[in-house]
Amino acid sequence: MISLSRLTRRLAETPADFLSPETSVPAVVSDLLMTIGGPGLDERSAMPFESSERNWLRIVLVSCWLLADEELIARAEPKRVLHYLTEVLLPLADLVDAPLFVSDPDRREELARLALRSLDLLPEGESRAQAADRLATVDTVRRYEVLQAAKAAEERAAAVRKAMEEQRAKEAAARYSQV
Amino acid sequence: MRDDYPVPDYVPMAATGLTDAERWPLLTDGGRVMLDRLRNHPHAPHYNHACGDRLTAASLGRLKSYKDTLQDGYHGWTSTQEPPWVDELIERVYSTVPRYRRRSRPARLTEVPTIGRHDLLSQADQHVPDDADLSDLIIYNTSGSRGAAARVPMSAEFSALDLPVIEHVLAGFGVVFSGGPSQVSLVNVYSQPVAYQFASVMSYLDGAGLVKINLHPDGWTRPEDRVSFLDDLAPEVYTGNPISLSALAELPLKHQPKAVLSGAMTLSDTVRRRLAERFRCPVVDLYGITESGLIAWRDHDVHRIVPRRLYVEILDEAGRRCEPGVAGEITVTCGENPMLPLLRYRTGDHAALDWRYGPVLVGLDGRAPVVFRGADGVTVNSIEVTHILSPLGLVAWQLHQGSDGALSLSVHETGAPDPDTIATALTSLMGNLPLKVTLENLARDAKPQRYTSDLT
């Protein structure tokens, strides 16, 4: 059980270096991985962190600061951390500017909850179901997917209504009985 | 054609939108000759619409194999067992139909909520599956005999499903279509102030002719053209409804068809016998709904359910299944209309389910026509009233004629136009009779009796 409020407070206090474009992301990630007992990045595994996805790289840095929390370090596994930094954060980078994970309370909660879920840990005082439920309320990617689905549904409904109004639909086809 | 008839859809040729090549993708030279003959016939009615079968080789192939499926006569369900395809249909509907998509999928059909006609058709666009090919979509406007007129989406192939089903039903009476491009196989007969009239050919019957006609004299150059036209066409089968077929029987026709099919409203035994004597052939009552196609046909004292991929439940008012033999609402589950798959669709019609070498409907209580008396004593059938009130967008209404001839019309208040508009429409049909129009809440009555008369 980890205190969520401690994690969000930690995010609010993220040092400016962790948002700076000057900071070497592979070096920070490598340090973090070694701190939690894993091997650091080698030339190959460092490659993704040399990408040109600047917003993602900044979120990775903020997240490394978050994961450097003492209790998290004690429980994190390198494989899960890497999965979090890449698979979980990449889609988020398309939707949220990195500084918001420091300045905006909802985004801080989102990042902290995503980290806990990725590390298979629960926030203090919450069951697994409660944690999933509360994450859903701040989950940007999920909200985006829901909005996208709603948009696709709206577009389809409009296409159906248009097809129903078209002259070729109204001419119809012959019917052979009366019902 | 009357200019003052308030049904804008019937402006001649206003609803056409295709070329002949699109109407009949499989048109043969023989079929073209038949089509020209029907269109240019010296006694032809005033065609006001054009309509083909729109069947491709692939859909024709599926319809032909459907005929074999029907011949097997296998329903796949009993009083205690649902058909095997139901689970798959529930899955498909809950994953692709917008109306259902956000709901969790019930484990069993009995847990699927039933849906009524108004509920379904007032938002038909929400029932067209996401993966349905919209280029196949056609719209059929219902007459509104069982509620407000509505637009039903379907595909041309689904519309043509009637043909193998009709073949299957007629085979039971020893009647077989000859078909072919030198034969008119079907004439679909209406008798109302205005209706679509068109000439067509059917690739399913190898280019045989099909004509839809309206017996009302206004639709013809001379009233006697009706007899000259029909006797010359010598159709194999007439289809119609009890009112139009009765009007057909009044004409001095010489041609004797192989069979007469009646639908759309209840065919009484008296009318059936009269028609059978007049045309000296089997007269078969069909029961179906536009949304799902033909459901059953009359076989002696019951309606035998067609062995389609169609499941019928009989439900009581609370939505519970009735025991065999107990009457309730006919409720249909059917995925054959690709534009409108139905899960537990309440038809508004009533019957009991029983087993006589397969499922049958007993005591089918369809839509009985009522005859009103207009000004100057002319008879007006309830379907004509339906026809004139439906375009006004009324949700429901009840028309009663008192013993003194006075009319009282109660209209469901939601969405109703002002009473003067309604009165004008009804007076255009009934003439100047005492008439009282009131707006009320008719939703209290689950199945309001639409037409009643003290005169009949």
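Residue indices begin from 1 for each chain and proceed along its sequence in written order. Here chains are named by letter from A upward and ligands by number from 1 upward, in the order in which they appear as written. At least 70 in pLDDT is required for a residue's local features to be given in this predicted model, at least 80 for side-chain atom pairs to be given and counted, and no such filter applies to totals for whole chains, interfaces and linings, which use all residues.

**Concerning the interface of chain B and chain A**
Size of an interface: often given as the accessible area lost when the parts come together.
Next, step 1: Taken residue by residue, the interface counts 41 residues in chain B and 21 residues in chain A.
Next, step 2: Per the convention used, a helix needs a DSSP run of H or I reaching at least four residues, while a strand needs a run of E reaching at least two, with both numbered from the N terminus. Broken down by secondary-structure element, the contributors of at least two residues to the side of chain B that touches chain A are β1 (137–141), β2 (151–155), α7 (156–160), α8 (162–171), β3 (184–190), β6 (237–240) and β8 (283–289) of chain B.
Next, step 3: Of all the elements, β1 of chain B adds the most residues to the side of chain B that touches chain A, at 4 residues.
Next, step 4: Class assignment for the residues of the side of chain B that touches chain A results in 22 nonpolar, 13 polar and 6 charged. Contacts here follow a simple rule: the backbone-placed C-beta atoms of the two residues must lie within 7 Å. In this classification, the charged set is Asp, Glu, Lys and Arg, the nonpolar set is Ala, Val, Leu, Ile, Met, Phe, Trp, Tyr, Cys and Pro, and all remaining amino acids, among them Gly, are polar.

**Notes on the pairing of β3 of chain B**
Residue and element names in this part refer to chain B.
Next, step 1: Whether a residue is buried, exposed or partly exposed follows from its count of other C-beta atoms within 10 Å of its own C-beta, namely 20 or more, 12 or fewer, or something in between, respectively; the C-beta atoms are built from the backbone. In terms of burial, β3 is a largely internal element, 7 of the 7 residues being buried.
Next, step 2: One requirement defines pairing of two strands: DSSP has to find at least two bridges between them. The pairing of β3 with strand β5 (residues 208–214) spans 6 bridges and is parallel. Within β5, the residue paired with V187 across the bridge is V211.

**Observations regarding the domain arrangement of chain B**
Next, step 1: Domain borders in the structure are assigned automatically or taken from a domain database. Each domain of chain B was delimited in the assignment, giving domain 1 (20–59 + 175–281), domain 2 (73–162 + 288–362) and domain 3 (371–453).
Next, step 2: Between the C-alpha centres of domain 2 of chain B and domain 3 of chain B the distance comes to 30 Å.

**Some thoughts on the packing of helix α8 (residues 105–118) of chain A against helix α9 (residues 128–138) of chain A**
If you want to describe how two helices pack, look at the angle between their axes and the distance between the axes.
All names here are of chain A.
Next, step 1: Angles shown run from 0 to 180 degrees and are taken between the N-to-C directions of axes, each axis being a line fitted to C-alpha atoms and, for helices, limited to the stretch in contact. Two elements in contact, α8 and α9, have axes separated by 9 Å at closest approach and are oriented at 140°. Between α8 and α9, the angle falls in the class oblique. Between α8 and α9 lies a crossing whose hand is left-handed. Across the interface between the two elements, D106, E109, E110, R113 and R117 of α8 pack against R134, L135 and V138 of α9.
Next, step 2: Class assignment of the residues belonging to the contact of α8 with α9 gives a composition of 2 nonpolar, no polar and 6 charged. These descriptions rest on fixed angle ranges, namely under 35 degrees for roughly parallel, over 145 for roughly antiparallel, 65 to 115 for roughly perpendicular, and the rest for oblique. Note: crossing handedness is left-handed where the near helix turns anticlockwise from the far helix by less than a right angle, and right-handed where it turns clockwise.

**Describing the confidence of the model for chain B**
Residues and elements named next belong to chain B.
Next, step 1: Of all residues in chain B, 92% have pLDDT values of 70 or greater, and the mean over the chain is 89.
Next, step 2: pLDDT expresses, on a scale from 0 to 100, how confident the predictor is about each individual residue. Here residues 1–7 scores under 50 on pLDDT; set against residues more than four positions off or in separate chains, the count is 15 contacts.
Next, step 3: For the stretch residues 443–448, pLDDT sits under 50, and the model shows 6 contacts to residues farther than four places along the chain or on other chains.
Next, step 4: Note on the complex model: pTM 0.74, ipTM 0.73.

**Notes on the sheet that holds strand β18 (residues 407–412) of chain B**
Backbone-to-backbone hydrogen bonds pair the strands of a sheet. The strands run either parallel or antiparallel.
Residue and element names in this part refer to chain B.
Next, step 1: The strand order β19-β18-β17-β20 describes an open sheet built from 4 strands, whose pairing is mixed. Each end of this open sheet is capped by a strand with a single partner; those strands are β19 (435–440) and β20 (451–453). Strand-to-strand twist across the sheet, computed as the mean angle between neighbouring axes with direction ignored, equals 15°.
Next, step 2: Against the sheet, helix α13 (residues 419–430) touches β18 and β19, its axis set at about 140° to β19.

**With respect to the nonpolar core**
Next, step 1: Each nonpolar core comprises buried Ala, Val, Leu, Ile, Met, Phe, Trp, Tyr and Cys residues, the members being joined through C-beta atoms within 7 Å. Counting 107 residues, the largest nonpolar core has V187 and I295 of chain B as its most contacted members.
Next, step 2: When residues of this core are sorted by domain, at least three fall in each of domain 1 (20–59 + 175–281) and domain 2 (73–162 + 288–362) of chain B.
Next, step 3: Excluding its chain neighbours within four sequence positions, the residues that come into contact with V187 of chain B are V211, I213, L230, L233, P235 and Y238 of chain B.
Next, step 4: Grouped together as the second largest cluster of nonpolar side chains are 36 residues, V28, V29, W65 and L114 of chain A included.

**Digging into the pairing of β6 of chain B**
All names here are of chain B.
Next, step 1: Side chains of β6 alternate between two faces, with V237 and T239 and Y238 and G240 buried alike.
Next, step 2: Taken together, the 4 bridges between β6 and strand β7 (residues 259–262) define a ladder with parallel strand orientation. Within the sheet, the bridge partner assigned to T239 lies in β7 and is L261.
Next, step 3: Regarding the hand of the β-α-β motif, the stretch spanning β6, helix α10 (residues 242–250) and β7 is right-handed. A clockwise course of the path from the first strand over the helix to the second, judged with the strands pointing away from the viewer, identifies a crossover as right-handed.

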